[in-house]
Amino acid sequence: MRIRFVDLKRQLDNIRPEIESAFDQVMENTAFILGPAAREFEQSFAEFIGAGHCIGCGNGTDALVLALRAADIGPGDEVITTANTFVATSEAVRLVGAKPVFIDPDEGTYLMSAEKVEKAISADTRAVIPVHLYGQTVDMAPIMELARDHDIIVIEDAAQAHGAKNRGNRAGSFGDLACFSFYPGKNLGAYGDAGAILTSNPEFAEKLRLLRDHGAPDKYHHIVDAHNSRLDGLQAAVLNVKLRHLEKWNDSRRRIAAHYMEQLKDTPEVKLPGVEPFNEPVWHLFVVRVPHRDEIRELMNERGIDTGIHYPVALHEQPVYKDLGYAPEDFPIAHRNAPLLLSLPIFPEMTEEECSYVCDNLKEILEELT
Ligand SMILES: *Cc1c(COP(=O)(O)O)cnc(C)c1O
């Protein structure tokens, strides 16, 4: 048995005819950049999330950069985000010339909390980027309230949370702006790079359409310093097909996650992910915390099970951010948990039998090691 971390081939086998006919249509129209497929996707994705506008772009990192630029964030500004996220979040902050300010995640859910954001606010704070990590939504109501009180822009990083809900509302519908990545392995993934920004503010929407396409409201007039980061037609066609399956796929992920929880609940060495009762995660990743993490990964690999680490080194300890002057213990939760994090395989087409195989082997290995 070989269990991949994510098996995109199995998914393709289920939707191949739909994908092929969507590709054909784009090719017939030769609408390779933006075009009808992209417009259709922008409209349906905005409706699905519950935001006024969706602006497609080249990838998730660009979505974050464009959102920051739309909000005029740049040199001299501070942007608060979490120490445990994918590097793209803070990378975007530096790309616009602003300074990332990290905070420690919550011990139970591993998400950002409003209390820690509040402590990190300074006179230079212009924005906060809550990251809906692993598919679970940050509790947004207290963060939005705090941001209103301090006149701070909120940009959700929803790259891991397509369809996730918090008190009935979807990730991407709370902030002033929200960013999605459609990297192939995400819950909603293209067959290449793609991304989008969502907003219900029409001024931001208009600005974003200019910023992603040479600052041009029409072909020959350039009215702002901009960039080229457009959604490509073939990727939009894939996303249109896959959006129709997303809720069903997210339900399957929830079934796999429930199976993991049930089978691992009596194994005290395995710390299971904490879920807030008002949250409905979409389980982009299923991350547990275990002792002897690296040995476990190696032994699981020998038994045919792929695993991942999200993320092995907290951002405040990454060489690229040495100039920010953080010490490892500045964020004790991120620092102490990084060596324990282990991501188990999860994808919608994974069977319960495969899930049980992962759990049985993990338990056996733990018994050998502890
Ligand atoms: C994937 C991801 C991104 C970046 O997306 P790309 O499309 O790869 O640029 C940003 N933030 C988080 C949390 C992600 O997981």
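Residues numbered from 1 in each chain as written. Predicted model: local features only at pLDDT ≥ 70, side-chain atom pairs only at ≥ 80, totals over all residues. Heavy atoms only, no water.

### Considering the pairing of strand E5 (residues 153-157)
Spelled out, the test is: A 1.4 Å probe rolled over the protein chains alone gives each residue an accessible area, and that area as a share of the maximum for its type sets the label: buried under 20%, exposed over 50%, partly exposed in between. Strands here mean DSSP runs of E at least two residues long; helices mean DSSP runs of H or I at least four residues long; both are numbered from the N terminus. Pairing between strands is defined by DSSP: at least two bridges between the two strands are required.
Of all five residues that make up E5, five are buried, and the element is covered over most of its length. Judged by which residues are buried, E5 turns out to be covered on both faces: Ile153, Ile155 and Asp157 on one side and Val154 and Glu156 on the other are all buried. As paired strands, strand E4 (residues 125-128) and E5 are joined by two bridges and run parallel to one another. Note on E5: the bridge partner recorded for alanine 127 is isoleucine 153.

### Some words on the packing of aromatic side chains
Which entries qualify depends on this criterion: Two aromatic rings from Phe, Tyr or Trp, using only the six-membered ring of Trp, form a pair when their centres are within 6.5 Å; if the ring planes differ by under 30 degrees the pair is stacked, by over 60 it is edge-to-face, and anything between is tilted.
Going through the model one piece at a time under the given rule, you end up with 11 aromatic pairs. Relative to phenylalanine 182, the ring of phenylalanine 41 lies with its centre 5.3 Å away and its plane at 85°, an arrangement referred to as edge-to-face. With phenylalanine 41 in helix H2 (residues 35-49) and phenylalanine 182 in the loop between strand E8 (177-181) and strand E9 (195-199), the pair connects residues that are 141 residues apart, well separated along the chain. Looking at phenylalanine 182, the relative accessible area reads 0%, which means it is buried.

### A few points about unusual backbone geometry
If a residue is not glycine, its phi is most likely negative; likewise, a peptide bond is most likely trans. Here the amide bond leading from histidine 310 into tyrosine 311 is cis, since omega sits at 10°, within 30 degrees of zero. Note that tyrosine 311 resides in the loop between helix H10 (293-302) and helix H11 (332-337). Of note, the phi angle at aspartate 151 is positive, near 55°, even though the residue is not glycine. Structurally, the position occupied by aspartate 151 is in the loop between helix H6 (140-150) and E5.

### Description of the sheet that holds strand E10 (residues 279-280)
Two pairing modes exist for strands in a sheet, parallel and antiparallel, and in both the strands are linked by backbone hydrogen bonds. Read from one edge of the open sheet, three strands run E7-E6-E10, paired in antiparallel fashion. The outermost strands of the open sheet, each flanked by one partner alone, are strand E7 (169-170) and E10.

### Re the side chain of glutamine 263
Rule in force here: Side-chain atoms alone can form a polar contact between residues adjacent in sequence; in general such a contact is a pair of N or O atoms within 3.5 Å, and within protein one must be able to donate a hydrogen while the other accepts it.
Looking at the secondary structure, you find glutamine 263 in helix H9 (residues 246-264). Taking the relative accessible area as the measure of exposure, glutamine 263 reaches 18% and is therefore buried. At a separation of 2.9 Å, a polar atom in the side chain of glutamine 263 contacts the side chain of serine 356.

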